[in-house]
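Understanding the architecture of this molecule
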Amino acid sequence: MASLSRSDVEHVALLARLGLTEAELLLLEGQLNHILEQYAKLAELPTESIPPTAQVIELENILREDVVTASLPVEAVVGGAADSSGGYIVVSAVLGDESERAPR
């Protein structure tokens, strides 16, 4: 199995938005290559007779009965908001640029 180069580790750190020092890059390169070496050893094991599993123990969903109950009154929910209009909570637009946002 191929090992990771220093540039591979720098690239992964860049993708993960990690600002690593030279010492951290060197340490991480060694650790990642050790993980790959261990994986290569595991890949050598004869696993053809072992059926694939997604979960090693049996799981059971524990669900509660759906019970219809009264929800909070609109006034109680909207009353705590910084801004509201017509029974709705008003928030700033998240997408688009400033010119596309509705005035408040």
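Structure: see above.
Moving on, we get to the overall build of the protein. If you tally the helices and strands in the protein, you get three helices and two strands. Its C-alpha atoms give the protein a radius of gyration of 27 Å, more than 25% over the compact-globule value 13 Å for 104 residues. Considered along the principal axes of its C-alpha atoms, the protein spans approximately 65 × 45 × 25 Å. Here the protein holds 104 residues, and the buried ones make up 6% of them. When contacts within the protein are restricted to residue pairs at least 6 apart in sequence, long-range pairs at least 24 apart make up 28% of them. Here the protein has roughly 9700 Å² of accessible surface; of this, 59% comes from carbon and sulfur atoms.

Once that is clear, we can look at the side chain of E29. Take E29: it is sitting in helix α2 (residues 22–43). With residues up to four places along the chain from it excluded, the contact list for E29 reads L4, S5, R6 and V9.

To continue, consider a nonpolar patch on the surface. Residues L72, V77, I89 and V91 make up a contiguous nonpolar surface patch of roughly 400 Å² in combined accessible area. Among the secondary structure elements, V91 is positioned in the segment after β2 (88–89).

All right, on to the side chain of N33 then. Looking at the secondary structure, you find N33 in helix α2. Judged by its relative accessible area of 12%, N33 falls in the buried class. Reaching out from N33, the side chain makes a polar contact with the backbone nitrogen of L4 at a distance of 2.6 Å. Ignoring anything within four residues of it in the chain, the contact list for N33 reads S3 and L4.

Now for the environment of L25. Within the secondary structure, L25 sits in helix α2. The exposure class of L25 is buried, given its relative accessible area of 6%. Here the alpha-carbon distance between L25 and G87, two residues 62 residues apart in the chain, equals 53 Å. Sequence-distant contacts of L25, defined by excluding residues within four places in its chain, comprise R6, V9, E10, A13 and L20.

The full count for this structure, using the stated rule, is two salt bridges. For E10, the salt bridge goes to R6, with nearest N and O atoms at 3.2 Å. Of this pair, E10 and R6 both sit in helix α1 (residues 6–15), four residues apart, which is roughly one turn of that helix. A relative accessible area of 26% means that R6 is categorised as partly exposed. Taking the shortest distance from any N to any O, the salt bridge between R6 and E22 comes out at 2.2 Å. Residue R6 is located in helix α1, and its partner E22 is located in helix α2; the two are separated by 16 residues in the primary sequence. A single network of salt bridges, built from pairs that share partners, joins R6, E10 and E22.

What counts and what doesn't
- Residues numbered from 1 in each chain as written.
- Predicted model: local features only at pLDDT ≥ 70, side-chain atom pairs only at ≥ 80, totals over all residues.
- Heavy atoms only, no water.
- Helix = DSSP H or I, 4+ residues; strand = E, 2+ residues; numbered from the N terminus.
- Rg over C-alpha atoms; globule rule 2.2 N^0.38 Å.
- Buried < 20%, exposed > 50% of the residue type's maximum accessible area, 1.4 Å probe, protein only.
- Contact = heavy atoms within 4.5 Å.
- Areas by Shrake-Rupley, 256 points an atom, 1.4 Å probe, with all protein chains shown as cover.
- Patch = residues over 30% accessible without salt bridge, like charges linked within 9 Å, V, L, I, M, F, W, Y side chains within 5 Å.
- Salt bridge = Lys/Arg side-chain N within 4 Å of Asp/Glu carboxyl O.
- Polar contact = N/O pair within 3.5 Å; in protein donor to acceptor, adjacent residues only side chain to side chain.

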